[in-house]
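If you want the building blocks of each chain, they are given just below.
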Amino acid sequence: MGEISVCTALIRHAHRRILDCANGHPACANAHPSFARREIVISRRDPPMPKAAMTTLAAERRRTFLRGLIVAVLGGVFLAMTGAFGSAGAAFGPRLAYWVVVMVLGGLWGHLCSALVGRFLDTDERPWLTIAVMVMVITGPLCVIVWAATGLFFAQQLYPLAALPQLVVPVLVVTAAVTTLNVFLGRARPIQTYATPPETPARPVRFLDRMPMKLRGATIRAVQAEDHYLRIHTDRGSDLILMRLSDAVEELEGLEGAQTHRSWWVAKDAVRGVERGDGRATLTLDGGLSAPVSRRYARMLRDADWW
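Residues numbered from 1 in each chain as written. Predicted model: local features only at pLDDT ≥ 70, side-chain atom pairs only at ≥ 80, totals over all residues. Heavy atoms only, no water.

Q: What am I meant to see in the overall build of the protein chain here?
A: Of the regular secondary structure elements, the protein chain holds eight helices and nine strands. A total of 307 residues make up the protein chain; the buried ones form 32% of that total. The long-range share in the protein chain, meaning contacts at least 24 apart out of those at least 6 apart in sequence, stands at 54%. For the protein chain, the computed accessible surface area is about 19100 Å², with 61% contributed by carbon and sulfur atoms. (Helix = DSSP H or I, 4+ residues; strand = E, 2+ residues; numbered from the N terminus. Buried < 20%, exposed > 50% of the residue type's maximum accessible area, 1.4 Å probe, protein only. Contact = heavy atoms within 4.5 Å. Areas by Shrake-Rupley, 256 points an atom, 1.4 Å probe, with all protein chains shown as cover.)

Q: How do you make sense of the packing of helix α4 (residues 92-117) against helix α5 (residues 127-154) when you look at a structure like this?
A: For any two helices packed against each other, the geometry is given by the interaxial angle and the distance between the axes. Contact geometry of α4 with α5 gives a least axis separation of 9 Å together with a crossing angle of 150°. Overall, the two elements α4 and α5 adopt an arrangement that is roughly antiparallel. Note on packing geometry: the crossing formed by α4 with α5 is right-handed. Taken together, the residues of the contact of α4 with α5 break down into 20 nonpolar, five polar and no charged. (Axes fitted to C-alpha atoms, helices over the stretch in contact; angles between N-to-C directions. Parallel < 35°, antiparallel > 145°, perpendicular 65-115°, else oblique. Left-handed = near helix turned anticlockwise from the far one by under 90°. Nonpolar A, V, L, I, M, F, W, Y, C, P; charged D, E, K, R; others polar.)

Q: Sorry if this is basic, but what is going on with the nonpolar core here?
A: Generally speaking, a soluble globular protein has its nonpolar side chains buried in company with each other. Counting residues in hydrophobic clusters, the biggest one holds 32 residues, and the most contacted among them are F207 and V266. Secondary structure elements with two or more residues in this core: β2 (220-226), β3 (229-234), α7 (245-251), β6 (264-267), β8 (280-285), β9 (290-293) and α8 (295-303). Among the elements that take part in this core, β6 stands out by supplying four residues, more than any other. The residues touching F207, leaving out its near neighbours within four places in the chain, are I220, V223, L230, I232, I241, M243, A248, E251 and L252. (Core = buried A, V, L, I, M, F, W, Y, C linked by side-chain atoms within 4.5 Å.)

Keep in mind these numbers describe shape, not what the thing actually does.
Structure (structure tokens):
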């Protein structure tokens with residue numbers, strides 16, 4: 001017990017000594033001149049960084065996917081309840097499961113086809129052509145999916161291949177209806193990027209790391225798609241990099257701007273004027289550069305005070 005008391009007293013004395021030195025006590029400064037100038041640094045674990053907010057482009061992709069999935073499920077429920085295409089003879093439970101599964105599989109295949117067709121056609125500029133192309137691309141493979149699912153659900157085996165042509169018209173009708181609904185429900189909004197708010201720690205703009213060496217440190221005015229390349233317009237000139245515009249827009253988060261056209265992203269601070277006509281607009285940027293605004297984006301950008 002005596003040893004414990006002595007240890008406790010020594011610990012208390014050392015603690016008082018440290019506090020006196022930390023507060024600049026003269027005796028401590030005289031005994032240890034260098035000690036009074038030292039700072040006591042308390043190590044602590046840095047607070048966890050907040051998860052990066054989902055970019056507007058990622059949110060738009062997610063909305064598109066979820067919308068297509070919801071349309072597919074609701075379409076499956078509707079076809080099951082109406083007993084469409086001769087399915088009324090089956091019990092409602094298996095019939096509902098069949099239609100929902102088939103519609104969801106079709107929706108997933110349609111989503112992939114939409115991403116492919118969207119690279120070549122502007123859905124909002126030419127919606128009916130886009131619908132026609134998508135129906136042709138989707139229908140063939142989807143007929144095979146429906147043929148396999150129908151046999152496995154209702155006969156527990158694959159039907160003969162001779163039954164496959166009989167499915168073309170039903171699949172074509174349903175595909176056309178669902179594709180048309182998705183296209184007109186999904187009329188695009190301008191994809192916007194935002195500067196980091198002053199009250200939050202600034203995150204680096206990832207796209208700046210892709211800038212060619214001669215443009216490093218330049219102010220970006222616009223990014224323009226040219227085939228498989230992007231032309232970066234800056235206050236120091238322009239240059240090409242190999243990248244898709246959709247990927248670039250995602251990495252431009254942190255700069256205030258918007259996609260004004262399927263092949264253009266424009267920095268808001270670079271806009272100096274606008275010319276309007278026929279539902280379209282053309283932005284005049286710093287340096288005399290002109291950037292088109294598609295009809296589908298014009299009203300929304302105007303409402304966002306771009307001009």
